[in-house]
Amino acid sequence: ICIEYLKKNNLGRTSFIVLDKMIAMWETSGKMDGPVPGGIPSKAQRLFDLVTVSDPRLRAAFYYALRNTLVTTDLDTAVSFAYQGDRAVHRVVTL
């Protein structure tokens, strides 16, 4: 039904998240509630932990989109968390 609607209305490409498979994958891995690889710096929080999902069945979809993205208050701090030398180690956003 979704694909037919997209084609009929010429809405282009999209991505679908298969929730039943995603729920099984993330919940059994423990990554949604587990530690962030490399740890969370003291001036940051994990974005996924700041989001309140009204339907628990959708947590896996939110985790898929946000993963271990960190939130911090300013760009300088974000850059210092994001990189170790030339290597990106965290995805970071600012408020």
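The structure this text deals with has already been given above.
Remember, it's a predicted structure, so these values are computed and weren't measured experimentally.

(A) Broad picture of the packing of helix H2 (residues 19-29) against helix H4 (residues 59-66). Contact geometry for H2 and H4: axes closest at 8 Å, N-to-C directions at 75 degrees. In terms of orientation, H2 and H4 fall into the roughly perpendicular class. Here Leu19, Met22, Ile23 and Trp26 of H2 lie close against H4, whose contacting residues are Ala60, Ala61, Tyr63 and Tyr64. The residue inventory of the contact of H2 with H4, partitioned by class, reads eight nonpolar, no polar and no charged.

(B) Region of the structure containing the pattern of salt bridges. Enumeration over the complete set of coordinates arrives at three salt bridges. Between Asp49 and Arg46 there is a salt bridge whose closest N-O contact spans 2.8 Å. Judged by relative accessible area, Arg46 falls into the buried class, the value being 3%. Arg57 is paired through a salt bridge with Asp55; the nearest N and O atoms lie 2.6 Å apart. Classification of Arg57 by relative accessible area gives exposed; the value is 58%.

(C) Inspection of the nonpolar core at higher detail. Listed in full, the seven residues of the largest apolar core are Met22, Trp26, Met32, Phe48, Ala60, Tyr63 and Leu66. Of all the elements in the fold, those that place two or more residues in this core are H2 and H4. With three residues, the single largest contributor to this core is H4. Sequence-distant contacts of Phe48, defined by excluding residues within four places in its chain, comprise Met32, Arg59, Phe62, Tyr63, Leu66 and Arg67.

(D) Structural view of the packing of aromatic side chains. Counted by the stated rule, this structure contains one aromatic pair. An angle of 80 degrees between the planes, with centres 5.3 Å apart, marks the rings of Phe48 and Tyr63 as edge-to-face. You can see Phe48 sitting in helix H3 (residues 47-50) and its partner Tyr63 sitting in helix H4, a full 15 residues away along the chain. Taking the relative accessible area as the measure of exposure, Tyr63 reaches 2% and is therefore buried.

The rules we used
Residues numbered from 1 in each chain as written. Predicted model: local features only at pLDDT ≥ 70, side-chain atom pairs only at ≥ 80, totals over all residues. Heavy atoms only, no water. Axes fitted to C-alpha atoms, helices over the stretch in contact; angles between N-to-C directions. Helix = DSSP H or I, 4+ residues; strand = E, 2+ residues; numbered from the N terminus. Parallel < 35°, antiparallel > 145°, perpendicular 65-115°, else oblique. Contact = heavy atoms within 4.5 Å. Nonpolar A, V, L, I, M, F, W, Y, C, P; charged D, E, K, R; others polar. Salt bridge = Lys/Arg side-chain N within 4 Å of Asp/Glu carboxyl O. Buried < 20%, exposed > 50% of the residue type's maximum accessible area, 1.4 Å probe, protein only. Core = buried A, V, L, I, M, F, W, Y, C linked by side-chain atoms within 4.5 Å. Phe/Tyr/Trp six-rings, centres within 6.5 Å; stacked < 30°, edge-to-face > 60°.

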